[in-house]
Amino acid sequence: MVELKTDTSIDAMYTTGQVVGQALTAVQKAADVGVSLLELDEVAREVLRGAGATSPFLGYRPSFAPVPFPAVICASVNDAIVHGIPTGYRLRDGDLVSIDCGAELGGWAGDSAISFTVGRARPADVRLIETAERALAAGIEAAVVGNRIGDIAHAIGSVCRTAGYGIPDGFGGHGIGRKMHEDPGVPNEGRPGRGLPLRHGMVLAIEPMLIASGDDGYHPAPDGWTLCTNDGSRAAHAEHTVAITESGPRILTAR
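What you see is a predicted model; the values in this text were computed from it and never measured.

1. Some points on the layout of surface pockets
By volume, the largest pocket is sized at about 360 Å³. In terms of lining, the largest pocket is formed by 19 residues, of which the most central are Tyr60, His83, Met180, His181 and Glu207. Of the residues contributing to the lining of the largest pocket, the split by class is eleven nonpolar, five polar and three charged. When its volume is computed, the second largest pocket comes out at roughly 240 Å³. The leading source of residues in the lining of the second largest pocket is strand 1 (residues 73–77), at three residues. Each residue belonging to the lining of the second largest pocket can be placed in one class, and the counts come to seven nonpolar, five polar and two charged.

Below you can see the structure in the form of structure tokens.
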């Protein structure tokens with residue numbers, strides 16, 4: 001069931017979303033050659049603590065997971081697409097890093113992700129990240145009253161496919177509100193004019209995921225959480241929590 005949020009609730013979700021944005025900004029600023037993923041997780045924890053927020057990631061265990069998630073960020077490096085568990089791995093020159101972070105504050109959740117490079121960036125990685133951001137922007141632009149879920153999916157997929165990138169099948173965005181994952185699902189590829197109509201008060205986490213080689217394949221890493229590209233090519237992830245309103249889409253996790 002899709003819960004429509006009141007304008008007051010959307011304002012409260014904006015407050016939560018700003019904490020998520022602050023955490024991601026702090027993590028990106030701290031990321032440098034030699035810094036470990038666990039150290040980046042601690043940076044995000046400090047931001048959440050300082051805001052009086054908690055993490056919807058920490059301890060989360062969906063049906064596929066062998067263990068509860070042990071961190072407040074997902075840190076996915078190079079060929080890792082999403083759900084990377086922070087470890088003692090220290091960032092290297094040229095790494096492509098995707099950080100996903102959530103927060104819960106005042107009973108409302110927020111969720112957002114960014115991708116960036118560390119040290120000297122490969123031109124191919126810059127293009128991949130820029131395309132992920134363009135796909136996200138296209139999805140948000142389509143998130144208007146009167147459109148349908150398929151319009152968001154089509155907008156995202158068109159940007160990704162035109163650029164020659166792969167899209168991991170079965171993974172995409174989701175509704176969000178009192179819980180991090182709510183109805184409806186938001187695919188990253190689809191047909192326009194199809195799916196659930198978009199209404200004022202719907203709040204969605206829109207999140208394109210791109211694979212550089214154009215292959216859609218992926219597999220779980222031995223940790224049971226991290227999803228990696230099948231061919232070892234690099235991946236990027238971008239996400240915002242977005243409210244659908246009569247005056248247009250409102251980004252709640254803006255940085």
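Having put the structure on the table, let's press on.
2. Here we look at the packing of aromatic side chains
Applying the stated criterion to the full structure yields three aromatic pairs. When the ring of phenylalanine 69 is compared with that of tryptophan 225, the centres are 5.0 Å apart and the planes differ by 75 degrees; the resulting orientation is edge-to-face. Of the two residues, phenylalanine 69 is situated in the loop between helix 2 (37–51) and strand 1 and tryptophan 225 in the loop between strand 9 (218–220) and strand 10 (227–229); the sequence distance between them amounts to 156 residues. Residue class for phenylalanine 69 comes out buried when judged on its relative accessible area of 3%. Among the residues examined, tryptophan 225 registers a relative accessible area of 4% and is labelled buried. In textbook terms, an aromatic cluster arises when at least three aromatic residues are bridged by ring pairs, as seen for Phe64, Phe69 and Trp225. Over the face of the ring belonging to tryptophan 108 we find arginine 178, whose NZ or CZ atom lies 3.8 Å from the ring centre.

Parameters and conventions
- Residues numbered from 1 in each chain as written.
- Predicted model: local features only at pLDDT ≥ 70, side-chain atom pairs only at ≥ 80, totals over all residues.
- Heavy atoms only, no water.
- 1 Å grid on protein atoms, 1.4 Å probe; cavity = no way out; pocket = protein on both sides within 12 Å on 5 of 7 lines; lining within 4 Å.
- Points joined across faces, edges and corners; volume = space filled by probe spheres on them.
- Nonpolar A, V, L, I, M, F, W, Y, C, P; charged D, E, K, R; others polar.
- Helix = DSSP H or I, 4+ residues; strand = E, 2+ residues; numbered from the N terminus.
- Phe/Tyr/Trp six-rings, centres within 6.5 Å; stacked < 30°, edge-to-face > 60°.
- Buried < 20%, exposed > 50% of the residue type's maximum accessible area, 1.4 Å probe, protein only.
- Lys NZ or Arg CZ within 6 Å of the ring centre and 35° of its normal.

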